[in-house]
Amino acid sequence: MPVEEFVAGWISGALGLVLGHPFDTVKVRLQTQTTYQGIVDCMVKIYRHESLLGFFKGMSFPIASIALVNSVLFGVYSNSLLALTATAHRERRAQPPSYTHVFIAGCTGGFLQAYFLAPFDLIKVRLQNQTEPRAQLGGSSPQYRGPMHCAASIFQKEGPRGLFRGAWALTLRDTPTVGIYFVTYEVLCRQCTPERQNPSSATVLVAGGFAGITSWVAATPLDVIKSRMQMDGLKRRAYQGMLDCMVSSVQQEGLGVFFRGVTINSARAFPVNAVTFLSYEYLLRWWG
Ligand SMILES: C[N+](C)(C)CCCC[C@H](N)C(=O)O
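What counts, and where the lines are drawn
One numbering rule holds for all chains: residues counted from 1, following each sequence as written. Only residues with pLDDT of at least 70 are given local features in this predicted model, and only at 80 or more are side-chain atom pairs given and counted; all residues enter the totals for whole chains, interfaces and linings. Only heavy atoms go into the side-chain values, all of them from the structure, while hydrogens and water stay out. UniProt positions are given in the numbering used here, feature names are shortened, and annotations may be inferred rather than shown by experiment. When at least one non-hydrogen atom of a residue lies within 4 Å of a molecule or strand, that residue is treated as near it. Between N or O atoms, a polar contact is any pair within 3.5 Å; within protein, one atom must be a potential hydrogen donor and the other a potential acceptor, and residues adjacent in sequence are included only when both atoms are from side chains. Computed by Shrake-Rupley with a 1.4 Å probe, the accessible areas treat only the displayed protein chains as cover when residues are assessed. We count a stretch as a helix when DSSP gives it H or I for four or more residues in a row; a strand needs E for two or more, and each element gets its number in order from the N terminus. For this analysis, residues touch if any pair of their heavy atoms sits within 4.5 Å. Residue exposure (1.4 Å probe, protein chains only): buried if accessible area is under 20% of the type maximum, exposed if over 50%, otherwise partly exposed. For this document, the term salt bridge refers to a Lys or Arg side-chain nitrogen within 4 Å of an Asp or Glu carboxyl oxygen. A helix is expected to span 1.5 Å multiplied by its residue count minus one. When we speak of the arc, we mean the arc of directions from the helix axis to the C-beta atoms. What counts as an axis is a line fitted to C-alpha atoms, over the stretch in contact for a helix, and the angles between N-to-C directions run from 0 to 180 degrees. An angle below 35 degrees is read as roughly parallel, one above 145 as roughly antiparallel, one from 65 to 115 as roughly perpendicular, and any other as oblique. For any helix crossing, the convention is left-handed if the near helix is rotated counterclockwise from the far helix by under a right angle, and right-handed if that rotation is clockwise. Under the scheme applied, nonpolar residues are Ala, Val, Leu, Ile, Met, Phe, Trp, Tyr, Cys and Pro; charged residues are Asp, Glu, Lys and Arg; polar residues are all the others, including Gly.

As annotated in an unreviewed UniProt entry, the protein chain carries the name Solute carrier family 25 member 45 and is attributed to Prolemur simus. The UniProt entry for the protein chain carries this comment under Subcellular location (unreviewed entry): "Mitochondrion inner membrane". Quoted straight from UniProt, the Sequence similarities (unreviewed entry) entry for the protein chain says "Belongs to the mitochondrial carrier (TC 2.A.29) family."

Structure representation (structure tokens):
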């Protein structure tokens, strides 16, 4: 994989990420805390209590890790397609792979990236859930002072396995839904593009955006469980495991719990994934 692709993928991924992070913070809070009435209430409370900075909590680690996570996701996807169909990226418009192959390659990418993503995602979620304003003289100071401190204290208190809390739910969330992500993208691109041609920028943006929304809607039920598992054990253990987390969440809050944060997640997914796919396609065209 050329270095330029890696660097540019990181930068464009990071741009999408910064754009989407405030939405992500609201989503994580709605999924794991019961103090908010809805999206607007959550936004107003974050702003009043923690200022604009509150929306950007937990962002530095995802920016540092997106290079790794995105390259595993797209790299494994593309190489799995190569193994399944014996076509490289530049040949795929002339000889389009079947949707089954796209789905299997996507699932493989999703499965492997989940392990790289898990510790970074855990730290992001723990930091996003700290509701204390940053530096508050005389006020209660937050449990974690920053991402490194958060990682170190999880490691100390819970051991190396602690850093992978919620990783199972994350793997189950991402394996099928990354398959859905790439299939949606391919279907929409092919629908809007004459045969054997590259999709236009507008098509790539729209197909990428909708791929983000569709896959996130499908991912939301396990996303809620994942976030709750990641927050578990901070004060006291509430759940025995993933199934227990599902059952007790449904018992206490009804089936609607599985769609907590779906609206805000979709609003975030469109711009983030439009930008991600546009840069992915263009980099491969320029350097391919
Ligand atoms: C498959 N799943 C929906 C989990 C995620 C796929 C999109 C990943 C993208 N980096 C984003 O943050 O939106």
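This part takes up the site of the ligand. Inspection of the region around the ligand gives Arg173, Asp174, Thr177, Val178, Tyr181, Ser215, Trp216, Ala219, Arg268 and Asn273 as its neighbouring residues. Here an oxygen atom of the ligand sits 2.9 Å away from a polar atom, N or O, in the side chain of Trp216. Protein burial of the ligand: of its 380 Å² of free accessible surface, 88% is covered by the chains. Of all the secondary-structure elements, those providing two or more residues to the shell around the ligand are α6 (167-191), α7 (201-231) and α9 (262-287).

Its place among the elements puts Thr175 in helix α6. Of note is the side chain of Thr175, whose polar atom sits 2.7 Å from the backbone oxygen of Thr171. Once residues within four sequence positions are removed from consideration, Thr175 is found in contact with Gly106, Cys107, Gly110 and Phe111.

Before going further, it helps to examine unusual backbone geometry. With a phi angle near 65°, Ser51 is a residue other than glycine that sits in the positive phi range. Within the chain, Arg196 stands out as a residue other than glycine whose phi angle is a positive 70°. Its relative accessible area of 61% is what places Arg196 among the exposed residues.

A word on the pattern of salt bridges. On inspection of all chains with the given rule, the structure shows 20 salt bridges. A salt bridge links Arg165 to Glu158; the shortest N-O distance between them is 2.9 Å. Owing to a relative accessible area of 24%, Glu158 belongs among the partly exposed residues under this scheme.

With twelve residues, helix α2 (residues 39-50) extends 16 Å between its outermost C-alpha atoms, agreeing within 8% with the 16 Å of an ideal straight helix rising 1.5 Å per residue. The complete set of buried residues in α2 reads Cys42, Ile46 and Glu50. Each buried residue of α2 sits inside an arc of 30° when the element is viewed along its axis, so together they form one side. Facing away from the buried surface of α2 by more than 90 degrees, the exposed residues are Val40, Tyr47 and Arg48.

For the rest of this paragraph, the subject is the packing of helix α4 (residues 99-128) against helix α5 (residues 147-162). For the pair α4 and α5, the least separation of the axes is 10 Å and the interaxial angle reads 120°. Between α4 and α5, the interaxial angle falls into the category oblique. By crossing handedness, the relation of α4 to α5 is classed as right-handed. In this structure, α4 contributes Leu122, Ile123, Arg126 and Leu127 to the contact, and α5 contributes Pro147, Cys150, Ala151, Ile154, Glu158 and Gly162. Its residues assigned to classes, the contact of α4 with α5 comprises seven nonpolar, one polar and two charged.

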